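The residues making up each chain are set out below.
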Amino acid sequence: MAIEFNPSRGATLGVEWELQLVDTRTRRLRQDARDVLADVPDLSEGPRPKAMHELMQSQIEIVTDVCHTAAEAVQDLEKSIRRLRSVVEPRGIALACTGTHAISEWRDADYAPMQRYAELVEELQWLAWRIQTFGVHVHVGVRERDKVIPIVNALAAYLPHFLALTTSSPYWGGQDTGLASSRAIVFGALPTAGPPHLLAGWAEFEEYMDTLVRAGTIKSIKEVWWDVRPHPDFGTIEIRMFDGIPTLREVGMVTALSQCLVQQFDQQLDRGYTLPQPAAWVVRDNKWRATRYGLDAIVITDDRGSTAPMRDMLYELGRELEPVADRLGCADELAVLTDVLEQGSSCERQRAVRADGGTLEDVVDATITEFAENRFVTSGRHSSREPSDHIGT
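To keep things clear, this report deals only with the structure shown in the data block.

Things to note about the overall build of the protein chain
Item 1. Looking only at helices and strands, the protein chain features 15 helices and 13 strands.
Item 2. For 393 residues, the compact-globule estimate of 2.2 N^0.38 gives 21 Å, and the C-alpha radius of gyration of the protein chain, at 20 Å, lies within 12% of that figure.
Item 3. A principal-axis box enclosing the C-alpha atoms of the protein chain has dimensions of 55 × 45 × 35 Å.
Item 4. At a minimum sequence separation of 6, the contacts of the protein chain that also span at least 24 residues come to 75%.
Item 5. Total accessible area on the protein chain is roughly 16100 Å²; 47% of this is exposed by carbon and sulfur atoms.
Item 6. In the protein chain, which carries 41 positive and 59 negative side-chain charges, the distance between the mean positions of the two groups comes to 2 Å.

Here it is as structure tokens:
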């Protein structure tokens, strides 16, 4: 199978943000995506829609145009959010985003009215029935096809970093799972999900995809849902490791982090360096550690079993990438990493609301407030139960 890669002109960006539709009275998910999308034809119709269905009717995905900076991507998303809020609020719906919804049951979900989703559910059965999960995907452009697989391999070492910063799904169906990210387990159970296969180069990627198609495992390479994967049509590497992210500040942060890492690896290849490739067992183990412990994980740093605290690793990574961020114009967005390390990921903030005497409904309220006001909430006694009337930076 020859897979054409459409090179990007540089480290361009595209962001996909999966949003929850939350009933402002019950605090549970509303299955109203079809009606909401029908109310915004300017976003949902045309050759390049910016708002669209996901698997469940409780979610809407918004996407950016091709952007060049993290700030540009944030502004693009904010514009779409404002338009969506103009139609959901009169319906008694608030927007939010966390990896899972704290109290809603997947059994109550309706599927989006699309043939490909019907086929997916028919094939995967129980694995698909329960995918009421939400995430953020960041695409970063790559200039040359032969750089893609080495960069994907190198990025595999950062799966726990991506996840730990964004862990936001401690609750599943009203129960604290004890995990920082239950979404990583639910979505990771799909047969073609999980860490990327560490391949030797583009030819081996083509051969592997051809084998999966001939075996009937997939119909197209779009059904390979790796945590980091090549996207040949867009000319990008797509980072899919992030849990649902509740604030634009944090979306800007992971966009900047993704762009900086890809750009740094791209430049190292230009200089003739061989990029590091982690051992597959280290990648799997570290992903589990971030899934379980989030920012409190102790992660493996080499194939001899050395370890270090995730928070220390992230502080060091942020400092290492500062020069790259300055050149890319995303230093302010990358600096939010320090705020997350100091105030906690969404998972920690949600549990702080409970520890402060809040209910799970208060947790949902906090995520609505975080989304609407673009700030972190760590107390059960935050703003009023009415959704905010603004969103901004």
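Once you've had a look at it, read on.
Here's the deal with empty space enclosed by the protein
In this approach a probe as big as a water molecule rolls over the atoms, and the regions it shows empty are the leftover space.
Item 1. Inspection of the entire model under this criterion finds four cavities of 30 Å³ or more.
Item 2. Of the voids in this model, the largest cavity is the one considered here, and its volume is about 70 Å³.
Item 3. For the lining of the largest cavity, the elements supplying multiple residues, two or more each, are helix H8 (182-188), strand S9 (225-226) and strand S11 (236-243).
Item 4. The element that contributes the greatest number of residues to the lining of the largest cavity is H8, accounting for four residues.

Re the nonpolar core
Item 1. Counting 106 residues, the largest nonpolar core has Trp-17, Ile-60, Ile-62, Leu-84, Leu-155, Phe-162 and Leu-261 as its most contacted members.
Item 2. Top contributing element to this core by residue count: helix H10 (residues 248-270), with 10 residues.
Item 3. Residue contacts for Phe-162: discarding those within four places in its chain leaves Leu-155, Ile-239, Met-241, Phe-242, Leu-257 and Leu-261.

Some remarks on unusual backbone geometry
Item 1. Positive phi values are uncommon outside glycine, yet Gln-125 reaches one of about 55°.
Item 2. In this fold, Gln-125 is placed in the loop between helix H4 (115-124) and helix H5 (126-129).
Item 3. A relative accessible area of 34% places Gln-125 in the partly exposed class.
Item 4. Phi is positive for Asn-374, close to 55°, though the residue is something other than glycine.
Item 5. The exposure class of Asn-374 is buried, given its relative accessible area of 6%.

Notes on the pairing of strand S3 (residues 59-63)
Item 1. The buried fraction of S3 amounts to five of the five residues, a majority that puts the element mostly inside the structure.
Item 2. By the alternation rule, side chains of S3 split into Gln-59, Glu-61 and Val-63 and Ile-60 and Ile-62, which are all buried.
Item 3. Pairing geometry for strand S1 (residues 13-23) and S3, over five bridges, is antiparallel. In the sheet register, Glu-16 faces S3, and the bridge partner there is Val-63.
Item 4. Pairing geometry for strand S2 (residues 51-53) and S3, over three bridges, is antiparallel.

Some remarks on the packing of aromatic side chains
Item 1. Going through the model one piece at a time under the given rule, you end up with seven aromatic pairs.
Item 2. Taken together, a centroid distance of 5.3 Å and an interplanar angle of 65° make the contact between Phe-162 and Phe-242 edge-to-face. Taken together, the residues Phe-162 in helix H7 (residues 159-166) and Phe-242 in strand S11 connect sequence positions 80 residues apart.
Item 3. Every member of this aromatic cluster is reached through a ring pair, and the members are Phe-5, Trp-202, Phe-205, Tyr-208 and Trp-226.
Item 4. Above the ring of Trp-126, the side-chain terminus of Arg-130 is found at 4.2 Å from the ring centroid.
Item 5. Of note, Arg-249 hangs over the ring of Phe-376, and the distance from its end group to the ring centre comes to 5.0 Å.

A look at the layout of surface pockets
Item 1. Put simply, the second largest pocket is a space of about 450 Å³.
Item 2. Every residue lining the second largest pocket is counted, 23 residues in all, and those nearest its centre are Ala-157, Tyr-158, Pro-278, Thr-301 and Met-313.
Item 3. Among the elements of the structure, H7, helix H11 (280-293), strand S12 (298-300) and helix H12 (310-328) are those that each provide at least two residues to the lining of the second largest pocket.
Item 4. It is H12 that provides the largest number of residues to the lining of the second largest pocket, a total of four residues.
Item 5. Its residues placed into classes, the lining of the second largest pocket shows 15 nonpolar, four polar and four charged.

Rules used in this analysis
- Residues numbered from 1 in each chain as written.
- Predicted model: local features only at pLDDT ≥ 70, side-chain atom pairs only at ≥ 80, totals over all residues.
- Heavy atoms only, no water.
- Helix = DSSP H or I, 4+ residues; strand = E, 2+ residues; numbered from the N terminus.
- Rg over C-alpha atoms; globule rule 2.2 N^0.38 Å.
- Contact = heavy atoms within 4.5 Å.
- Areas by Shrake-Rupley, 256 points an atom, 1.4 Å probe, with all protein chains shown as cover.
- Lys, Arg positive; Asp, Glu negative; His and termini not counted.
- Charge placed at Lys NZ, Arg CZ, Asp CG, Glu CD.
- 1 Å grid on protein atoms, 1.4 Å probe; cavity = no way out; pocket = protein on both sides within 12 Å on 5 of 7 lines; lining within 4 Å.
- Points joined across faces, edges and corners; volume = space filled by probe spheres on them.
- Core = buried A, V, L, I, M, F, W, Y, C linked by side-chain atoms within 4.5 Å.
- Buried < 20%, exposed > 50% of the residue type's maximum accessible area, 1.4 Å probe, protein only.
- Pairing = 2+ DSSP bridges.
- Phe/Tyr/Trp six-rings, centres within 6.5 Å; stacked < 30°, edge-to-face > 60°.
- Lys NZ or Arg CZ within 6 Å of the ring centre and 35° of its normal.
- Nonpolar A, V, L, I, M, F, W, Y, C, P; charged D, E, K, R; others polar.

The values are spatial; any link to function lies outside them.
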